[in-house]
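Geometric and topological summary
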Amino acid sequence: IDSKLPWVGTTIFTVMSKLAAECGAINLSQGFPDFQADRSLFDAVHQAMLDGRNQYAPMTGLPELRQAIAAKVQALYGTAYDAESEITVTAGATQALFTAIAAFAGPGDEVIVFAPVYDSYVPAIETVGAKAIYANLRYPDYKPDWNEVRALITPRTRMIIVNTPHNPTGSLLDAADLEALAELTRDTNIVVLGDEVYEHICFEGEHQSLARHPELAARSLIVSSFGKTYHITGWKIGYCYGAAALMAEFRKVHQFNVFTVHAPSQVGLAAFMADHSRHLQLAEFYRQKRDFFRQQLAGTKFELLPSRGTYFQLARYDAISDLPDTEFAQWLTREVGVAVIPVSVFYPDGRDDKVVRFCFAKQESTLAAAGEKLRGI
Ligand code: PMP
Ligand code: GLN
């Protein structure tokens, strides 16, 4: 078979969660909460089903949900997006990202990404025939170097993908980064794709959404996910928003990709959003988990890197082992009983800084049990 993606295997999240299950290890690898979502959200979805809201929602998403998203974005970032023409509900952030890439990039185009890079971007770029161009976020700061990015921009650059708060490193873009990005893309037709799924899990200052910067907002599509915000990663519902002209192109692809997503969940989410502003408490909620988990690892030989956002904690393990990080992650899962993600898999050249990623979106009892095992190394 002529593979379009010859170098692509099975995603690390599937590999590590499967290994964790096989070994009976505590799974701090793939990012998902091990606690329940709010009961009223389930009741609202159940009620929507009983009320007969079981047929196709509009292609662009349920109007009430798009309006709730518009209100939230305006309240947080000060920019008005038109619910009718500038917001689309998607099957999770993954579909939104793929659709945005497919809508704008094709053969001959280049898309700039930052390594370590979330693992769905590059396969999406290559599936549509475009080429990924890598800029670096280097250990230990994981900050972008905008001069490096400037040197990578060519007439073929169609898109730049930024992710803040950043998975897997927990680093953040600040206002100066947005300004640098705006300056670099000024007078070009480059589309900026913002993966902001952890927008509400920002521990230092305010989340710097592309939506806050009027010039960038005009050339950006921004993606978020209810999975992260309401502890429902398995529902796979997210959204994309951006200027009407960009959104029109996005929808040309979206309508023939998924057309629309699970209707009763959209009804439930719209009702839940109207009643709650839970997202405002999310950073504090996860800050406590982050601090609790860091305390668990204090006194171990893991060197904890800063976690400024997301529900991930990076740790350097070179004082414990010389193994490459993929092997160390396997050893930790099999022999210690705690599954993690090796960070080298997010680099095109497999750069190995001997750093692994822990997910702390877990009950304290889970984090304490993992801590006990890790302190025993
Ligand atoms: N982008 C990033 C940076 C993520 O961490 C994730 C989820 N792990 C996604 C996109 C995908 O989100 P969803 O589950 O809503 O598709
Ligand atoms: N984004 C999640 C993580 O980083 C996993 C999502 C997935 O499994 N595709 O762990």
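Residues numbered from 1 in each chain as written. Chains lettered and ligands numbered in written order. Predicted model: local features only at pLDDT ≥ 70, side-chain atom pairs only at ≥ 80, totals over all residues.

Regarding the site of ligand 1
Basically, it comes down to this: We count a residue as near a molecule or strand when its backbone-placed C-beta atom lies within 6 Å of that partner. Each helix is a run of H or I in the DSSP string that is no shorter than four residues. Each strand is a run of E no shorter than two, and both are numbered from the N terminus. Only Asp, Glu, Lys and Arg are considered charged, only Ala, Val, Leu, Ile, Met, Phe, Trp, Tyr, Cys and Pro nonpolar, and every remaining residue, Gly among them, polar.
Around ligand 1, the structure places 14 residues, and the nearest of them are Gly-92, Ala-93, Thr-94, Asn-167 and Ser-225. Ranked by residues supplied to the shell around ligand 1, first place goes to helix α4 (residues 92–104) with three residues. A breakdown of the residues in the shell around ligand 1 according to their chemical character gives three nonpolar, nine polar and two charged.

With respect to the UniProt feature "domain: Aminotransferase class I/classII large" (unreviewed entry) in the protein chain
The cut-off we apply is this: UniProt positions are given in the numbering used here, feature names are shortened, and annotations may be inferred rather than shown by experiment.
In the numbering used here, UniProt assigns the "domain: Aminotransferase class I/classII large" (unreviewed entry) feature to residues 26–368. Regarding residues 26–368, the helix share stands at 39% and the strand share at 17%, and the terminal C-alpha atoms are separated by 11 Å.

Concerning the packing of α4 against helix α10 (residues 244–257)
As a reminder, the rule being used: Axes, fitted as lines to C-alpha atoms, cover a helix only where it is in contact. Angles between the N-to-C directions of the axes lie from 0 to 180 degrees. Any angle from 65 to 115 degrees is called roughly perpendicular, while one under 35 is roughly parallel, one over 145 is roughly antiparallel, and all others are oblique. We call a crossing left-handed when the near helix sits turned anticlockwise from the far one by less than a right angle, and right-handed when that turn is clockwise. By the convention adopted here, residues are in contact when the distance between their C-beta atoms, placed from the backbone, does not exceed 7 Å.
It is the contact of α4 with α10, at a shortest axis distance of 8 Å, that shows an interaxial angle of 120 degrees. Considered as vectors, α4 and α10 are oriented oblique to each other. Crossing of α4 over α10 shows right-handed handedness. Across the interface between the two elements, Gln-95, Thr-99, Ala-100, Ala-102, Ala-103 and Phe-104 of α4 pack against Glu-249, Phe-250, Lys-252, Val-253, His-254 and Asn-257 of α10. Of the residues contributing to the contact of α4 with α10, the split by class is six nonpolar, four polar and two charged.

Topic: the nonpolar core
Within soluble globular proteins, side chains that are nonpolar tend to cluster in buried spots. Quick reminder of the rule: In these notes, a nonpolar core means any group of buried Ala, Val, Leu, Ile, Met, Phe, Trp, Tyr and Cys residues linked to one another through C-beta atoms within 7 Å. In this scheme every C-beta is placed from the backbone, and a residue whose C-beta has 20 or more other C-beta atoms within 10 Å is buried, one with 12 or fewer is exposed, and one in between is partly exposed. Segmentation of the chain into domains, including their bounds, is taken from an automatic or database domain assignment.
In terms of nonpolar packing, the biggest core is built from 111 residues, with Leu-97, Ala-100 and Ile-101 touching the most fellow members. The leading source of residues in this core is α4, at nine residues. Counting contributing residues per domain, this core is built from domain 1 (12–30 + 280–375) and domain 2 (43–276), each supplying no fewer than three. Those residues in contact with Leu-97 that lie beyond four places of it in its chain are Ser-120, Tyr-121, Ala-124, Leu-193, Asp-195 and Val-223.

Section: the sheet that holds strand β12 (residues 341–342)
For clarity, the threshold we go by: If DSSP finds at least two bridges between two strands, the strands pair.
Ordered in space as β9-β10-β13-β12, the four strands form an open sheet in which the pairing is antiparallel. Here the strands that pair on one side only, and so sit at the sheet edges, are β9 (303–304) and β12. Taken together, the two bridges between β9 and strand β10 (residues 312–316) define a ladder with antiparallel strand orientation. Within β10, the position partnered with Glu-303 by the bridge is Arg-316.

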